[in-house]
Structures are given as structure tokens and as C-alpha cells.
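# A look at the structure
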Amino acid sequence: MATRQPPAGPRTRPLWRNRDYNLLWMSRTCTEAGFNASLMAFPLLVLAVTGSPAQAGLVTGVNAAAQLVAGVPAGTLLDRWNRRAVMLGCEVARGAVLMMLVWTVWRDTVEVWHMVATAAVLGLCAALYDPAEEASLPHVVPEGQLATAVSMNHARSNIGQLLGTGVSGVLFGIKHVLPFAANAVAHAFSFVLLLFVRLPRPARDRGGAFERGFWRETAEGLRWVWSHRLIRVTALCAVALNFLFQIVYLVLIMAAQQEGVPSGQIGMMAAMFGVGGILGALAAPRLHGWFGRRLSVLVVFWAMAVLAPLSLTASSGPVLGLFLTGMAFFAPTANTAVSTYQLLATPDRLRGRLSGIIGLVSGVSAALGPMAGGLAMEWMGARWAIVAAAVGTAVTAVIATLSPTLRGFSPPGGGTEPKREDGHADGPDGPDGPDGGPGEGTVSEHVPGGTGDGVARAPEGSRRAP
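Since the structure is predicted, the reported quantities are computational estimates derived from the model, not experimental observations. (Residues numbered from 1 in each chain as written. Predicted model: local features only at pLDDT ≥ 70, side-chain atom pairs only at ≥ 80, totals over all residues. Heavy atoms only, no water.)

## Examining the overall build of the protein
Convention followed: Secondary structure elements are defined from DSSP: runs of H or I of at least 4 residues count as helices, runs of E of at least 2 residues count as strands, and each element is numbered from the N terminus. Residue burial is assigned from relative accessible area. The probe radius is 1.4 Å, only protein chains are included, and a residue is buried under 20% of its type maximum, exposed over 50%, and partly exposed in between. In these tables, accessible area is a Shrake-Rupley quantity obtained with a 1.4 Å probe, and a residue counts as shielded only by the protein chains included in the view.
A tally of helices and strands in the protein yields 13 helices and zero strands. Ordered by position from the N terminus, the helices and strands of the protein form the series α-α-α-α-α-α-α-α-α-α-α-α-α. Within the span of the protein, comprising 466 residues, buried residues form 59% of the whole. Approximately 18,300 Å² of the protein is accessible, and the part contributed by carbon and sulfur atoms is 67%.

This is the structure:
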């Protein structure tokens with residue numbers, strides 16, 4: 001007699017049929033596309049108005065600096081507030097400030113302070129919106145789809161990079177106001193999509209989260225991140241790589257513009273960077289399985305160290321774009337390794353603070369990188385600025401390779417997620433941290449989201465590395 005098989009458990013929906021995840025994904029894609037259109041157009045507009053590369057870097061850096069200042073407090077607030085309401089409010093604020101900038105550009109009365117103020121508001125909103133969206137993802141994505149979800153989130157960022165930068169140069173060449181108007185429209189569409197997303201309120205301690213006080217909650221989040229050695233090390237690596245990459249990126253864009261490369265080709269260069277990220281995101285689950293977590297991180301450093309000096313041999317915009325494509329390709333694999341570890345090791349009630357703190361770390365490089373790139377280009381020229389960034393990247397790559405902490409990240413072919421026997425996430429140092437492990441919650445609460453926590457990002461203010 002044949003043995004009767006037990007009934008199969010409930011089947012998980014494919015990610016592409018997950019309604020709330022797809023709404024969040026499309027909403028964030030709109031904001032990424034609009035942001036990158038403005039990010040590309042800001043230095044071009046400053047150069048057109050003032051002719052100063054340093055001021056162009058200043059406007060770009062202000063956006064990142066605003067995120068840097070607001071990041072940690074915003075993370076604490078997001079662990080208290082309704083995250084969906086925060087995202088909706090951010091879209092309203094960004095759309096309003098962009099329309100005011102559009103008005104000044106249209107009337108040909110725009111000044112540098114107009115652009116600085118707009119960049120600051122966009123940065124403050126990003127400091128709230130980005131961690132709110134990232135902390136919400138674990139509530140809509142099941143654990144079994146972890147690697148695919150993280151990879152698709154990185155692909156989303158690069159699709160936004162591709163759409164935004166691909167058309168920004170062309171739109172700027174037609175009319176200076178068009179990239180900023182397109183950004184305002186993108187935020188309006190994102191607002192509509194967010195209206196239909198179903199998200200729970202963030203978890204609260206039974207003792208009352210607000211009774212501990214705002215700064216005590218902030219300190220709790222800082223202690224959580226600082227007590228995890230692996231999170232500390234990967235965050236410091238991200239600071240160095242983000243800083244150096246953004247110098248290379250900004251110098252390549254501005255040097256191409258000053259040497260008379262057509263605006264369409266400049267847009268193509270940045271769009272090719274987005275293509276590299278998308279291709280890398282599609283390959284990330286398989287590459288992560290082949291490399292393991294440690295090599296997934298190291299390969300980004302070495303790719304940057306090799307390709308940055310080789311970009312000096314490029315003779316046209318499309319060739320420079322190929323080098324940017326290569327720099328972007330391996331970043332999603334590192335993102336899959338690092339961001340999944342970070343959020344699996346963190347309880348939901350601390351995820352807003354985790355994202356805010358990691359945003360602070362990334363924001364250090366995002367704020368200083370464009371400023372340093374503009375100043376380096378004025379003082380030593382584009383070629384030597386790229387050489388200096390390449391040398392710095394090579395030194396950082398050597399330090400990361402020799403790091404004993406990263407050696408313990410995982411062997412190639414190791415398991416996908418760090419878990420203890422009790423089913424909770426854990427790091428290589430054991431159950432350190434303020435609570436000794438990730439906190440209560442359902443299995444779905446331990447699924448990470450985000451687009452690159454702790455990993456080098458594309459030069460987009462925050463978030464956001466190759």
C-alpha cells in the first residue's frame with residue numbers, strides 16, 4: 001500500500017504578484033527616477049548659471065548633508081510614527097518645493113540659493129522617506145523571497161538611475177526647467193501609488209515606547225549598531241567607497257561637460273551606470289551564492305580600484321559609460337550580502353533607527369564626496385582627481401581584504417542567512433547587542449528590505465552605491 005504523503009503547506013505567492021510590495025516598488029522607482037533627473041541637472045544648472053564646479057559640488061553636497069543631519073533622529077521618529085503617513089507627507093513636500101524651483105527657472109530668476117534650499121528640503125524628505133520605506137518592506141515580503149527581494153530593490157534603484165539620468169541630459173538640453181518638472185510629476189505619481197499600500201503601524205514595546213524618551217530611544221539604536229562588529233566594519237567600508245566613488249562620478253560628469261561632450265552623451269554615461277546596476281541586480285542571487293558574503297563585499301572594492309584609473313583612457317562619453325557600467329555591476333551582490341544581514345539581525349522596532357544610522361554613515365561620504373570632487377577638479381584637474389580617488393580605493397580594498405572581521409563574514413557557499421539555533425539572527429560575534437538578538441515578531445518581520453544598507457551607493461545623496 002502506498003504511503004500517504006502529508007498535505008503541502010501554503011504556497012508562497014511569487015514576488016511579482018505581491019500587491020503591496022509592487023506598489024512600494026513602483027512608488028520608490030518613481031522617486032528614484034525623479035531624484036536622479038534632478039541630481040544630474042543640478043550641477044549642470046549651477047555651471048550654466050555660475051560656471052563654478054565648486055558651487056556645483058556644493059549644491060549636490062547640500063542634499064546629502066541634509067540627510068546626514070536628519071538621518072538618526074528621523075530613524076527614531078519612524079520607529080514611533082505611521083510609516084505610510086510619513087511617506088505620503090514627504091511626497092507632498094518634495095512636489096511643492098520642486099514646483100517653486102521650476103517657477104524660478106522658468107522665469108530665468110533662479111539663483112544658487114534657490115537650488116541650495118531645494119536640495120536641502122529634498123534631503124530632509126529623503127531622510128524620512130527612505131528608512132520608512134525600507135522598514136516597511138519586511139511587512140510585505142516573506143522570508144523565502146529574501147534574496148530576490150533585496151536584489152530587485154537594488155534593481156529598482158538602478159532603474160530609477162537609468163530612467164532619471166538617461167532623460168535628464170536630453171531634457172536639460174531642450175530646456176533647463178524640464179528635469180525638475182519631471183521630478184515633481186514623479187513625486188505626484190508616487191503619492192497616488194502610496195495611497196493604496198496597506199501597511200501596519202510599527203511595533204511598540206508593551207511598556208510604552210514613548211515613556212523612555214526620544215533621546216534614550218536614539219541611544220538604544222546607536223548602541224545596537226555599535227555593538228555589532230560586522231555592521232560597524234561594513235559601514236566604515238561603505239563610507240570610504242562612497243566618498244571615493246562620488247569623486248570619480250562627479251569629476252567624470254563635469255569634465256565631460258566642460259570638454260564639450262553633448263548633453264545627450266552625458267545622459268547616456270549616467271544611464272549606462274544604471275544599466276550596469278540592473279544587470280548586476282539580476283545576477284546578484286546567483287553571484288551571492290557563488291561568492292559567499294565576504295567575497296561579495298570585496299569584489300566591489302577591487303572593481304572600483306581597477307576601473308577608475310582605466311577610465312582615464314576613455315576617449316568619448318559612451319566609453320566612459322562602459323567603465324561606469326563595470327563599477328556598478330557587482331554592487332547589488334554586495335548589497336544582497338550586507339543589507340540582508342543587517343536587517344535580519346535587527347528587530348522591527350529598531351529597523352527605522354538602523355536605517356537612519358546607516359544612512360548617517362553613508363551620508364558622510366555622500367555629503368563630502370561631491371564637495372571634494374568639485375574642489376579637487378578646480379585645484380588639480382580631472383585627471384589627477386581621478387588618480388587620487390583610484391589610489392584611495394586600492395588602499396581601502398587592501399585593508400578590507402585583510403580585515404579579520406570580514407574574514408569571518410562567511411565562507412563561499414555558506415548559508416544565506418545568519419541564524420542561531422533559536423531561529424533568531426545572529427552575527428559572527430555571538431548574540432551581542434542590547435537585546436541579545438532580534439526581538440519578537442513573526443517570520444516575515446525578519447525579512448530585510450532597502451537598497452543598499454551599508455554598501456556603496458550611486459551618487460544620489462543617500463541612497464543610496466554602486
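From this point, things continue past the structure.
## Comments concerning the layout of surface pockets
Operational definition: Both cavities and pockets are sets of points on a 1 Å grid over the protein atoms alone; in a cavity a 1.4 Å probe fits but cannot get out, in a pocket the set is open with protein on both sides within 12 Å along at least five of seven lines, and lining residues sit with an atom within 4 Å of a point. Grid points are joined across faces, edges and corners, and a volume is the space filled by probe spheres set on the points. All amino acids are sorted into three groups, where Ala, Val, Leu, Ile, Met, Phe, Trp, Tyr, Cys and Pro are nonpolar, Asp, Glu, Lys and Arg are charged, and the leftover types, Gly among them, are polar.
If you add up the space inside the largest pocket, you get close to 260 Å³. What lines the largest pocket is a set of 16 residues, and nearest its centre among them are Leu 252, Ala 255, Glu 259, Ala 314 and Leu 320. Of all elements in the fold, only helix H8 (229-258), helix H10 (317-329) and helix H12 (351-402) reach the threshold of two or more residues within the lining of the largest pocket. Ranked by residue count, the leading element in the lining of the largest pocket is H8, at four residues. Split by residue class, the lining of the largest pocket holds 10 nonpolar, four polar and two charged.

## A closer look at the packing of aromatic side chains
Put simply, the test is: Geometry of aromatic contacts follows a simple scheme: Phe, Tyr and Trp rings, the Trp one being its six-membered ring, pair when their centres are within 6.5 Å, and the pair is stacked under 30 degrees between planes, edge-to-face over 60, tilted otherwise. For a Lys NZ or an Arg CZ to count as sitting over a ring, it must be within 6 Å of the ring centre and within 35 degrees of the ring normal.
Enumeration over the complete set of coordinates arrives at three aromatic pairs. With 4.8 Å between their ring centres and 85° between their planes, Phe 214 and Trp 215 make a pair best called edge-to-face. Aromatic pair Phe 329 and Phe 330: ring centres 5.0 Å apart, planes at 85°, arrangement edge-to-face. A cation sits over an aromatic face here: Lys 175 above Trp 106, 5.7 Å from the ring centre. The cationic tip of Arg 232 hangs over the ring face of Trp 226; the distance from NZ or CZ to the ring centre is 4.7 Å.

## Structural notes on the nonpolar core
Spelled out, the test is: What makes a nonpolar core is a set of buried Ala, Val, Leu, Ile, Met, Phe, Trp, Tyr and Cys residues whose side-chain atoms join them at distances within 4.5 Å. Contact definition: two residues touch when any of their heavy atoms are within 4.5 Å.
The biggest cluster of nonpolar side chains holds 83 residues, and the ones touching the most others in it are Met 115, Met 327 and Leu 406. Those residues in contact with Met 115 that lie beyond four places of it in its chain are Phe 42, Leu 45, Val 46, Val 59, Leu 101 and Val 110. If you look at the next biggest cluster of nonpolar residues, it comprises 23 residues, including Tyr 21, Leu 23, Trp 25 and Cys 30.

## Examining the pattern of salt bridges
Quick reminder of the rule: Note on definitions: salt bridges are taken to be side-chain nitrogens of Lys or Arg within 4 Å of carboxyl oxygens of Asp or Glu.
Enumeration according to the criterion identifies 12 salt bridges in this entry. Between Arg 28 and Glu 32 there is a salt bridge, and its shortest N-O distance comes to 3.1 Å. Note that Arg 28 and Glu 32 are positioned in helix H1 (residues 19-50) at a spacing of four residues, about one turn of the helix. This pair shows no difference in class: Arg 28 is buried, exactly as Glu 32 is.

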